[in-house]
Amino acid sequence: MTMDRLGTGIAWTALILVIAFLLLPIVVVIPVSFTESTVFRFPPEGFSLQWYGRIRNVDGLLGALWLSAQIAALSTATSLLLGTLCAIALVRGLVPGAAAITTFMVSPLMLPGLVLGIALLQTMREVGLRDAWWSLYLAHVVITLPFVMRTVLASLSLFDFAMVDAARTLGCSYPKALWRVLVPNILPGFISGALFAFIASFDNYPVSMFLVDVRTKTLPIQLLNYLEISPDPTLAAVSTVLIGLTVIVLILCDRLVGLRRMASI
Amino acid sequence: MTALGAPAPAAQAGASSAGHLVVTGTSKRFGAAVVLEDLSLSVAKGEFVSLLGPSGCGKTTLLRCIAGLLRPDAGRITVAGQDITALPAHRRNVGVVFQNYALFPHLTVAENIGFGLRAQGVSRAEAAPRVAEALALVRMGEHADKPVTSLSGGQQQRVAVARALVVRPSLLLLDEPFSALDRKLRETMQVELKHLLREVGITAIFVTHDQEEALVVSDRIAVMNSGRIEQLADPATLYGRPVSLYVLDFVGQSTRLAGRIVAVEDGVVTVETSLGPVRAPGRFAPGSRVAVAVRPEAVTLGEGVAGANRVSARVSEISFLGSRTQLHLDLPAEGEDRGVVELPRLPEGVQPGSRVTLAFREADTMVFPA
Amino acid sequence: MSATLAAPAAALPPLRRRLDPMALLALPGVAFLSVVFLLPLLLLLWSSIRGEGGFTVNGYVRVLGDAYYIGVIGNSLQLGLITTAGAFILGYPAAFALARARGYAQVVLFALVFLPLTVSIIVKSFGWGIVLRRDGILNWLMLNVGLIERPVRMIFTEGALYAGMINVFLPFMVLPIYSVVRMIDPRYGDAAATLGASPWYRFTRVTLPLTLPGVVAGASLVFSLAVAAYVTPSLLMGDRYMTMSMVMAKAFLNLRDWQLGGAMAAVLLAVAAMVVVGASLMQRRLARHGGAA
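Nothing here was measured: the structure is a model prediction, and the numbers come from that model.

The next point concerns the overall build of chain C. On a plain count of helices and strands, chain C comes out with 13 helices and 2 strands. Taking 293 residues into account, the globule formula puts the C-alpha radius of gyration at 19 Å, and chain C, at 25 Å, lies well above it. Expressed along its principal axes, the backbone C-alpha trace of chain C runs to roughly 70 × 65 × 35 Å. Counting the 293 residues in chain C, one finds 53% classified as buried. A separation threshold of at least 6 residues defines the contact pool for chain C, and within that pool the share at least 24 residues apart is 70%. A total accessible area of about 13300 Å² is found for chain C, and carbon and sulfur atoms account for 69% of it.

Right, here's the structure in full:
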């Protein structure tokens, strides 16, 4: 009994520590963004919103944000299309070597990002594709596809296709049965796959760093550049905005599908 | 086989000092819900007792308290005279066969059976012959090195029983041990397990919600209702002389009619029911609301013996059950009246809609306060 | 009842048995990955063995024959191992508490573990820098508590690097273990207890073996991510602690030495492949031994 309680105590202490540790570097950014001074001294001195005002003035930051959002949204959409089609084929169709194809489709996840970036850089040069936007878009489809494949495959293989048959015997046409029964059931997988894919793309550094050019920079690249050149609390302000956006998206996702269903990364 | 020793039909659970397992005044609540309420139970050495009741009646909670997996809020539990209330599960030496068995999926059959011995510090060399013996006891010798996940339901149950028995527990608890098996296998395993446990000579407590199973495996049955034992008795008494409508309904079927006492004389009451007057032995004040009941096989069609109760009713449905035939009676839909009669064979001419006369002896008729 | 209804339906053969048009749906995705993923990878490996006059292993000789680069590989492996070990020690018990939490508490706790995964790695590394600075929160805290008298230099130390790495990759350890723990039937522990097993014996002989699939999944994920990490080590340590990823980035972006970068990439790829294959072999062994995986 007492040993049991000791174990439980250790587990809970560890969880509290883990959460505090995980949140620490995220939470400290917020007070620093409201400081009056130009350095990140702690505790922050005074209160001002000047660094938020400066976000607009930092060269290329808003452009980078827009580019990252574009790339993330478009590559996620493309992956959803390609990935869902492929997942349906793998689950429902008679695909020769289905297991091998499944492994292949999720394998970019296991690949070190830098290696993928270098490989793509080299190939794009060789092919003569010099346009950074298109390079980034194609690369990010590769990054996002495994996330979509995994979650959609998982929810499709859990789906009992007898339900579609049941809907058809109850008077639904085949497409209508799919829409009324299949789609609502795999929607959580769809949404969580899309969320993971979007985040993976939006936050990607090691692949993008090889594919950007002077005028086309994604947000992580631009942020890191800025951090290296002139580290000031503007970065804390940008980070706070990003954290806020993330929290909003997470709350939305929790309302839509429940966070725990999305946990099976 | 050992005599089916049916101890005197102890009307209510009472803590007897002679009991091997004695539970005294045990209570358990989860939040506001009282799951066990001042419950007492005494089980003799070598006896098989079933805890029978619907889900939520507290039977599994009682089992977990006896096993030491739950700590009761109040009360005392002793095994062979030793107070084990404060002992953690692993120091109690109480074997448990879990529902769905809880066999360790990462271990083989033999490793599962040997687990308890090894956990208690028995050396590998000493454990091996005892594991082999246990394997032989449940006729699983040739499966020793298989992963438990490859076994059928019946085989898994045997392994679970062997795993619990090999540590020579002073008491064996079985939580719905047959619920994972299909009907045919369940019937075989019930007899097999009963025989095996009798051979080992162990005291066993079964938890079940299946009254047929309880009737087959137990010497005595404790029918539980919301945290209390409603009646503890041998199967025949439980079936023939239930102490309440709850027990009547939970064990077996019956024809049951609500009514009011219209006459009282010398230990016999007359009850006015929707089918007419029915007489039964009992002591109630005139005018009280009661229910009379009679078991299906106590009823005959026609006039019956002299002095029998006779009522007339319409047959609504006939079910052929093989060795017997069941008639369902057409009774007013409101209230809790229902009618079931079982006959060895169906008389000619009786069909749904027929009006029949039912006869049953006064002594077979039971009266319960409504 | 429902079983008898469903059984004949399940026994019916699938509608399509001939050449399956549905299989064609897989084609666009497979084709895309073949061209934009597999082909570049093969080209990269090819370039690492392509010299002036055809085939050469010069790149590999330069990487594997040079004490400096061996040191870099060592650094990466060490970083991966320490990060994995640290994440395991913190994450394993935490995953248990997370899996055993109930109701609203679990949702909140889960969200708190999950949230850092979605926050940009740049933001986290930046925040970690603020924590560790000479005038940062950690020094401020320790000064006020009286633990130290003067601010301690923490940033750009190996300790800071390890802490930062564990911080970034910890959720990848917690979540797989959490999902395995959640699936374990608590009655296994009960069964072991009724068989006389002490809590410690229960943990080592039942709980730990049953959670191994989650540990293998988490550890292989964290290790392969940490060994290839680029952003966190370069922000927290810079050139003082060169990893394989940093050498690769330098080779391609600054030195334009494709042979060197390609060979280093191949080594990193080999490490990643070994981790993946090793993990899947272990998972298969665990699965064969029991049904837990």
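Now that the structure has been shown, the text picks up again.
Moving on, we get to the pairing of strand β10 (residues 228-233) of chain B. Residues and elements named next belong to chain B. Of all 6 residues that make up β10, 5 are buried, and the element is covered over most of its length. As judged from the 5 bridges shared by strand β9 (residues 220-225) and β10, these two strands associate in the antiparallel manner. Residue alanine 222 lies in a different strand from β10, and its bridge partner there is leucine 232. Hairpin connection from β9 to β10: 2 residues lie between these consecutive antiparallel strands, with serine 226 at a positive phi of about 35°.

On to the state of the cysteines, then. All names here are of chain B. Inspection of every chain in the model, using the stated rule, returns 0 disulfides over all chains. Considering cysteine sulfurs only, cysteine 65 is the nearest to cysteine 57, which forms no disulfide, with 13 Å between them. The class for cysteine 57 is buried, based on a relative accessible area of 2%.

Turning our attention to the domain arrangement of chain C. All names here are of chain C. Segmenting chain C into domains produces domain 1 (25-56) and domain 2 (58-292). Averaged C-alpha coordinates put domain 1 and domain 2 at centres separated by 30 Å. Contact between domain 1 and domain 2 buries roughly 630 Å² in total, counting both sides, with carbon and sulfur atoms accounting for 67%. When the area that domain 1 buries against domain 2 is broken down by residue, the three leading residues are Leu44, Ser48 and Thr56, summing to 60%. The tally of links from domain 1 across to domain 2 stands at 0 salt bridges. If you list the elements that add at least two residues to the side of domain 1 that touches domain 2, you get α2 (27-48) and β1 (50-51). If you tally residues by element for the side of domain 1 that touches domain 2, the top one is α2, at 4 residues. Residue classes in the side of domain 1 that touches domain 2 are distributed as 4 nonpolar, 3 polar and 1 charged.

Another aspect to go through is the pairing of strand β11 (residues 255-265) of chain B. Residues and elements named next belong to chain B. Strand direction decides the pairing type here: β11 and strand β14 (residues 289-294), joined by 6 bridges, are antiparallel. Looking at β14, one finds that alanine 258 is bridged to alanine 291. With 6 bridges connecting them, β11 and strand β12 (residues 268-273) associate as antiparallel partners. Of the residues in β12, the one forming a bridge with alanine 263 is threonine 270. Two successive antiparallel strands, β11 and β12, enclose a turn made up of 2 residues, where aspartate 266 displays a positive phi of approximately 55°.

Residues and elements named next belong to chain B. Although it is not a glycine, asparagine 100 adopts a positive phi angle of roughly 60°. In this structure, arginine 168 is a non-glycine residue whose phi angle is positive, near 50°. Considering the arrangement of structural elements, one finds arginine 168 in the loop between α4 (153-165) and β7 (171-175). On the accessibility criterion, arginine 168 (54% relative accessible area) is exposed.

Attention now moves to a nonpolar patch on the surface. Nonpolar side chains collect at one region of the surface, where Val241(A), Leu245(A), Ile248(A) and Leu252(A) lie side by side and expose about 360 Å² of accessible area between them. Its location among the elements puts Leu252(A) in helix α11 (residues 234-256).

Looking now at the nonpolar core. Core analysis: the largest hydrophobic core is formed by 175 residues, its most contacted members being Met105(A), Val115(A) and Met264(C). Ranked by the residues each element gives to this core, the list is headed by helix α8 (residues 158-183) of chain C, at 14 residues. Leave out the neighbours within four places in its chain, and Met105(A) touches Cys86(A), Leu145(A), Pro146(A), Met149(A), Gly29(C), Val30(C) and Leu33(C). Residues Leu39(B), Val138(B), Leu193(B) and Leu197(B) belong to the second largest nonpolar core, which totals 84 residues.

Once that is clear, we can look at the packing of helix α4 (residues 61-92) of chain A against helix α10 (residues 219-229) of chain A. Residues and elements named next belong to chain A. At a minimum axis distance of 8 Å, the contact between α4 and α10 shows a crossing angle of 150°. With respect to α10, the element α4 is oriented roughly antiparallel. Touching Leu61, Ala64, Leu65 and Ser68 of α4 are Leu219, Pro220, Gln222 and Leu223, all from α10. Considered class by class, the residues forming the contact of α4 with α10 number 6 nonpolar, 2 polar and no charged.

Low-confidence regions, as indicated by low pLDDT, have predicted coordinates that should not be scrutinised in detail. For chain A, per-residue confidence averages 84 on the pLDDT scale, and residues scoring 70 or more make up 94% of the total. No element of chain A has a lower mean pLDDT than helix α8 (residues 162-169) of chain A, which averages 80, and none a higher one than α4(A), which averages 91.

Another point: the sheet that holds strand β19 (residues 355-360) of chain B. All names here are of chain B. On the basis of which strands lie adjacent, the open sheet formed by 5 strands has the order β15-β19-β16-β17-β18 and antiparallel pairing. The sheet is open, and its two edges are formed by β15 (300-301) and β18 (340-343), each paired on a single side. In the sheet, β15 pairs with β19 via 2 bridges, with the strands oriented antiparallel. Bridged to threonine 300 within β19 is alanine 359.

With 21 residues of chain C in contact, the opposing surface of chain B contributes 27 residues. A buried area of about 2100 Å², summed over both sides, lies between chain C and chain B, and 66% of it is on carbon and sulfur atoms. Looking at the side of chain C facing chain B, the largest losses of area belong to Arg187(C), Thr194(C) and Leu195(C), adding up to 33% of the total buried there. Across the chain C-chain B interface, the total number found is 1 salt bridge. Its salt-bridge partner being Arg64(B), residue Asp190(C) comes within 3.0 Å of it at the nearest N-O pair. At the surface where chain C touches chain B, the tally comes to 6 residue pairs in polar contact (both at pLDDT 80 or more). Within the residue set of the side of chain C that touches chain B, elements represented by two or more residues are α9 (187-194) and α10 (199-227) of chain C. Class assignment for the residues of the side of chain C that touches chain B results in 11 nonpolar, 6 polar and 4 charged.

For Thr78(A), the location among the structural elements is in helix α4. With sequence-adjacent residues up to four places away left out, Thr78(A) is seen in contact with Tyr137(A) and Val141(A).

Applying the stated rule across the entire model yields 27 aromatic pairs over all chains. With a centroid separation of 6.3 Å and 45° between ring planes, the pair formed by Phe104(A) and Phe37(C) is classed as tilted. Of this pair, Phe104(A) sits in helix α5 (residues 98-106) while Phe37(C) is found in helix α2, placing the two residues in two different chains. Residues Phe104(A) and Phe37(C) agree in their burial class; the two are buried. Between the aromatic rings of Phe147(A) and Phe196(A), the centroid separation amounts to 6.3 Å while the plane-to-plane angle is 10°, which identifies the pairing as stacked.

Residues and elements named next belong to chain B. If you trace the 6 strands from one edge of the open sheet to the other, you get β6-β7-β8-β3-β9-β10, paired in mixed fashion. Each end of this open sheet is capped by a strand with a single partner; those strands are β6 (94-97) and β10. Adjacent strand axes in the sheet meet at a mean angle of 20° when their direction is disregarded. Where strand β3 (residues 48-52) and β9 come together, 4 bridges link them in parallel fashion. In the strand pairing of β9, leucine 51 is matched with alanine 222.

The rules behind these values
- Residues numbered from 1 in each chain as written.
- Chains lettered and ligands numbered in written order.
- Predicted model: local features only at pLDDT ≥ 70, side-chain atom pairs only at ≥ 80, totals over all residues.
- Heavy atoms only, no water.
- Helix = DSSP H or I, 4+ residues; strand = E, 2+ residues; numbered from the N terminus.
- Rg over C-alpha atoms; globule rule 2.2 N^0.38 Å.
- Buried < 20%, exposed > 50% of the residue type's maximum accessible area, 1.4 Å probe, protein only.
- Contact = heavy atoms within 4.5 Å.
- Areas by Shrake-Rupley, 256 points an atom, 1.4 Å probe, with all protein chains shown as cover.
- Pairing = 2+ DSSP bridges.
- Disulfide = S-S within 2.5 Å.
- Domains from an automatic or database assignment.
- Buried area = accessible area lost by both parts, 1.4 Å probe.
- Salt bridge = Lys/Arg side-chain N within 4 Å of Asp/Glu carboxyl O.
- Nonpolar A, V, L, I, M, F, W, Y, C, P; charged D, E, K, R; others polar.
- Patch = residues over 30% accessible without salt bridge, like charges linked within 9 Å, V, L, I, M, F, W, Y side chains within 5 Å.
- Core = buried A, V, L, I, M, F, W, Y, C linked by side-chain atoms within 4.5 Å.
- Axes fitted to C-alpha atoms, helices over the stretch in contact; angles between N-to-C directions.
- Parallel < 35°, antiparallel > 145°, perpendicular 65-115°, else oblique.
- pLDDT = per-residue confidence, 0-100.
- Polar contact = N/O pair within 3.5 Å; in protein donor to acceptor, adjacent residues only side chain to side chain.
- Phe/Tyr/Trp six-rings, centres within 6.5 Å; stacked < 30°, edge-to-face > 60°.

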